[in-house]
Each structure stands twice: as structure tokens, then as C-alpha cells.
Amino acid sequence: MAALSPRYQVGAALALAVVAVAVCVHVGMVFLHVAPSNTVTKAHGEAIDDWIYPEFEQNWKLFAPNPLQQNIAVQVRAQIRGGDGGSRTTGWYDLSAQDGRNIDGNLVPSHTQQNELRRAWDFFTATHDSSARPVGLRGALAETYLRRIVVMRLERGAVDEGGVVERVQVRSRTTNVPPPKWSTDKVSTSPVYRVLSWWSVPDGATGGGTR
């Protein structure tokens, strides 16, 4: 910064201060979110939840006594209206496999590649029952968040130029991780599918603007 003119030094200092404040606020919000219930979280719990959900929700399953022993892939297909006015339904796109390919061989994969889709599906299943009915106040948010992600992914690679995504359908493909050779456990490796209903895509949502 010493090489900058005084005016630019002031601008750079202000920018650094804003970034530092934003980082401190975010770290503080995450700490309060994962901390045991206390006076601050009781008084400002709604503001903390609004900051954290859905993008920054924390998950500690890695450290659970019984970690997940399944591979869960999130897949999507779409109904697309072409530029000629015709409509077609795509095949199933394995979005989890796309993330896997982006991570494989990447020494510094992004948080989005590793966690965005996986956490969105976890968020949806945690706020919906087995019939995909919301069971909590955040059910609508979870559905909107998952739909926004899959539509954005489709727009990037699956939609022909001039096409418009009208509806999307999401499903999960769950397979058990085979036990090690020395184990006597017997598990089925046949995939189990959970297929959701078709969701209409609101006008203007194809660019990821739905919040």
C-alpha cells in the first residue's frame, strides 16, 4: 500500500476494514450457530438463522459415532420448451457425478463443488417427510434452494440455446457402501431411488435468482 497515492491508500484501507468486519461477523454468526444455547442465541436466534441458512449450515456427521455408510447421488431431469415452441423432456442428469468429476484430481476443489448440492439435498430431506411434505418452517426455503441449484446446473450445460426450463424433477439414488472384505456384514448394493414430484420453474428463476 505504501506505493499508492494517499487517496488510494484510504480506499484500500476502507476496503480492508469492510472485509475484516464482514469476516468477523460471519465467524461470530457461525460460532453462535454451533454453540450451545445461551443468552445471545436466545435473544437473536432468528437473526442468526437468517444469516446461516441455507448456504452456511453446519453439519457434523463426519464426527458422528456412526458415520454415513451410503453413497447418495442427486439427479435431475427437465421439461424444456424449445425456441420453436415445442416441448421435450430430458434424460436424467447425475449432478453429483458432475461434482465428483470436478473434484477428482483437483488439489483445491471449491466449497461449492464439494458441498453445495450435497448440503442442499440434506437440507431438503431434513425438512420434509418421506412423502416430500414439509415438516418445518424452513420446508419452503429448502425446496426453493434445491430447485434453484438444479436449475442453474441445467442452464449451464443441459439446455439448448434458446430453450427455457419449464419444470424440473429431482431424484436421489442411494447405494450402500460395500463392507470391507474382512467384515461378515451383508448389505444390499442395489440402488434405491427417491423420486420427487415435478416442480414448475417460475419466470426469471432460470438464472438462479430465486431466493
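Here, the structure is the one placed above.
Keep in mind that this is a model prediction, so the values were computed, not measured. (Residues numbered from 1 in each chain as written. Predicted model: local features only at pLDDT ≥ 70, side-chain atom pairs only at ≥ 80, totals over all residues. Heavy atoms only, no water.)

(A) The arrangement of the packing of helix H3 (residues 95–103) against helix H4 (residues 111–126) in detail. Relative to each other, H3 and H4 sit at 160 degrees, their axes nearing to 9 Å. Comparing the axis directions of H3 and H4 gives the class roughly antiparallel. Handedness of the crossing formed by H3 with H4: left-handed. The residues of H4 that touch H3, namely those facing Leu95, Ser96, Asp99, Asn102 and Ile103, are Gln113, Gln114 and Leu117. Here the residues of the contact of H3 with H4 sort into three nonpolar, four polar and one charged. (Axes fitted to C-alpha atoms, helices over the stretch in contact; angles between N-to-C directions. Helix = DSSP H or I, 4+ residues; strand = E, 2+ residues; numbered from the N terminus. Parallel < 35°, antiparallel > 145°, perpendicular 65-115°, else oblique. Left-handed = near helix turned anticlockwise from the far one by under 90°. Contact = heavy atoms within 4.5 Å. Nonpolar A, V, L, I, M, F, W, Y, C, P; charged D, E, K, R; others polar.)

(B) Spatial organisation of a nonpolar patch on the surface. Taken together, the side chains of Val21, Val25, Trp51 and Phe56 make up a nonpolar region of the molecular surface, amounting to roughly 340 Å² of accessible area. By the secondary structure assignment, tryptophan 51 is in helix H2 (residues 39–52). (Patch = residues over 30% accessible without salt bridge, like charges linked within 9 Å, V, L, I, M, F, W, Y side chains within 5 Å. Areas by Shrake-Rupley, 256 points an atom, 1.4 Å probe, with all protein chains shown as cover. Salt bridge = Lys/Arg side-chain N within 4 Å of Asp/Glu carboxyl O.)

(C) View of unusual backbone geometry. With a phi angle near 65 degrees, alanine 132 is a residue other than glycine that sits in the positive phi range. Along the chain, alanine 132 turns up in the loop between H4 and helix H5 (139–157). Among the residues examined, alanine 132 registers a relative accessible area of 27% and is labelled partly exposed. (Buried < 20%, exposed > 50% of the residue type's maximum accessible area, 1.4 Å probe, protein only.)

(D) A look at the nonpolar core. With 24 residues, the main nonpolar core has Val76, Trp121, Leu146, Val150, Val168, Val170 and Trp199 as its most contacted residues. Where this core is concerned, the elements lending two or more residues are strand E1 (70–81), H4, H5 and strand E4 (164–176). When sequence neighbours within four positions are dropped, the list of residues in contact with tryptophan 199 reads Phe124, Glu143, Leu146, Arg147, Glu166, Arg167, Val168 and Val170. (Core = buried A, V, L, I, M, F, W, Y, C linked by side-chain atoms within 4.5 Å.)

(E) View of H3. Here H3 starts with a cap whose side-chain oxygen sits 3.2 Å from the backbone nitrogen of serine 96, and that cap is aspartate 94. Glycine 105 sits one or two residues past H3 and shows a positive phi near 80 degrees. (Polar contact = N/O pair within 3.5 Å; in protein donor to acceptor, adjacent residues only side chain to side chain.)

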